[in-house]
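Each chain, written out:
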Amino acid sequence: MWELAALLLLVPSSGQAATLEKPILSLHPPWTTIFKGEKVTLRCDGYHPLLLELQPISTLWYLGHLLLPSYKKSIEVHTPGVYRCQTRGAPVSDPIHLSVSNDWLILQVPYAAVFEGEPLVMRCRGWYDKIVYKLHYYHDGQPVRYFHSSANYTVPQARASDSGRYQCSGTMRIPVESAPMFSAKVAVTVQELFQAPVLRVMGRVEARGAAFGGVVLRCETRLHPQKRDTPLQFAFYKYSRPVRRYDWDAEYTVPEPEVEELESYWCEAATATRSVRKRSPWLQLPGRGSPLDVASTTAPVLGNQPLSFRKPPVSRSVPSVPSVPNVTSAGPPFPAGGAPTAGPPACAPPTPLHQTAGALKPDVALLLREMQLLQGLLSRVVLELKETQAFPGHTVETSTSHSVVSQGTPEATTVES
């Protein structure tokens, strides 16, 4: 009957549940694993009214789905299981899972969530506080720290990569030193303090008086609900150069002369101590050639004009190559017997590429003649070198050769003197 009355009194009144937050359940000492026979204290912090000036029925306690016969703000427990509490007009608290062990060695980890940048502390404890020697700590099966005797393992600034399964091993003197013993593995999860930021365009600011215009960028992120009061600072970069160092303001105005390079900007969010820093991707804009749709950035437009910050598309047509006469050519601009071909019809004017191709034909013919001449000279030199090596004791007399190039023929005529 008393439990039923307590439940009725804890039913929230109209509109009260929407204003009260769920209570905070804490564990003292702050370890989720204990030895059999030990006790811990659970404390429920929240809204605790006094009802009818009688014995205050301010808190309900749950072990699994079982209602415990206690209505105090704190209780002592030794039974393993999942504990929760509830205060009047508020939701049920987050759970705490308590484990009880009969092993010689246990690994104790914090009951509360560990967030990025916070210290992560673990304790390898021997049966009823016996000293543990040759102590090893393991993370996902890999040893991470060794101590000669009992000591806590601390990660000063936890990261998401520190999540995983931890275990410890060591020896104890009972009464002589035992063989190495291992604790059970315990899962540890490092919670994300805030999401990676995203850089968004808020709108355009028009120039007013001495103030220059530009485009407003905002560095947006979201804190974990349990850490929503954590202050963050923001910095803005263009390529790798900081354009505004860390400040509490999450917005930055890009000057008008640099608006065309918006895609080179990114931002960074960090805690005040810089223990957690996260950068955003490069600023993303809509497709090339289309006006910027500011509505897609979830921010209002500061002006009535559509924003288009991309550079105009670059023309990729083949530029015309001017025809340069070859100064080594003494003949006409076209090969002998050749004439420039008739151009395309008048309805289709020749493109610069067609004109260039026609102008380059005589140069190609001249280049072929010069290459054939060079080939003949190289063959002559190679032959003379071979003769010199074949008769090392004799002096080979070589005649001076003069190569005369006939303009009409591609062959080289050799005249010996």
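The rules we used
Residue indices begin from 1 for each chain and proceed along its sequence in written order. Per-residue local features are limited, in this predicted model, to residues with pLDDT of at least 70; the limit for side-chain atom pairs, both in listing and counting, is 80 or more; totals at the level of whole chains, interfaces and linings are taken over all residues. Derived side-chain values reflect all non-hydrogen atoms in the structure, with water molecules and hydrogen atoms excluded from consideration. One requirement defines pairing of two strands: DSSP has to find at least two bridges between them. Secondary structure counts use DSSP, requiring at least four H or I residues in a row for a helix and at least two E residues in a row for a strand, with both numbered from the N terminus. Angles shown run from 0 to 180 degrees and are taken between the N-to-C directions of axes, each axis being a line fitted to C-alpha atoms and, for helices, limited to the stretch in contact. Here a Phe, Tyr or Trp ring, Trp counted by its six-membered ring, pairs with any other such ring whose centre lies within 6.5 Å, and the pair is stacked when the planes are under 30 degrees apart, edge-to-face when over 60, and tilted otherwise. Whether a residue is buried, partly exposed or exposed follows from its accessible area with a 1.4 Å probe, protein chains only, as a fraction of its type maximum: under 20%, in between, or over 50%, in that order. The disulfide criterion is simple: two cysteine sulfur atoms within 2.5 Å. Each nonpolar core is a collection of buried residues, namely Ala, Val, Leu, Ile, Met, Phe, Trp, Tyr and Cys, held together in the definition by side-chain atoms within 4.5 Å. Residues are treated as being in contact if the distance between any of their heavy atoms lies within 4.5 Å.

Student: Account for the sheet that holds strand β20 (residues 214-220), naming residues and giving values.
Tutor: As summarised here, the arrangement of the three strands in space is β19-β20-β23, forming an open sheet in which the pairing is antiparallel. Each having just a single partner strand, β19 (198-205) and β23 (251-255) make up the two edges of the open sheet. The average angle at which neighbouring strand axes cross in this sheet is 30 degrees, direction not considered. With five bridges connecting them, β20 and β23 associate as antiparallel partners. What sits directly across from V215, in β23, is V254.

Student: Lay out the packing of aromatic side chains in plain terms, naming residues and giving numbers.
Tutor: One pass over the full model with this rule turns up twelve aromatic pairs. Between the aromatic rings of Y237 and W266, the centroid separation amounts to 4.2 Å while the plane-to-plane angle is 10 degrees, which identifies the pairing as stacked. With Y237 in strand β21 (residues 232-238) and W266 in strand β24 (residues 265-271), the pair connects residues that are 29 residues apart, well separated along the chain. Classification of Y237 as buried rests on a relative accessible area of 12%. Members of the aromatic cluster, connected to one another through ring pairs, are F35, W104, W127 and Y128.

Student: With reference to specific residues and values, describe the state of the cysteines.
Tutor: Scanning the model with the defined rule gives three disulfides in all. Through a disulfide, C124 is tied to C168; the S-S separation comes to 2.0 Å. The S-S bond linking C124 to C168 shows a torsion near 70 degrees; that makes this disulfide right-handed. Here C124 is found in strand β11 (residues 120-126), whereas its partner C168 is found in strand β15 (residues 164-171), with 44 residues between them in sequence. Each member of the pair C124 and C168 is classed as buried.

Student: Outline the nonpolar core, supporting the account with residue identities and numerical values.
Tutor: Among the nonpolar cores identified, the biggest contains 22 residues, and L217 and L262 are the most heavily contacted of them. Elements supplying a minimum of two residues to this core: β19, β20, β21, β23 and β24. Beyond its immediate chain neighbours, meaning those up to four positions away, L217 contacts L199, R200, V201, M202, F236, A250, E251, Y252, V254, L262, Y265 and L283.

Student: Break down the sheet that holds strand β22 (residues 241-247) for me, citing the residues and quoting the values.
Tutor: Strand order across the open sheet formed by four strands is β22-β21-β24-β25, with antiparallel pairing between neighbours. Looking at strand neighbours, the two that pair on one side only are β22 and β25 (277-279), the edges of this open sheet. Averaged over neighbouring strand pairs, the angle between their axes works out to 15 degrees when direction is ignored.

So far we have only geometry, and geometry alone does not tell us how the molecule works.
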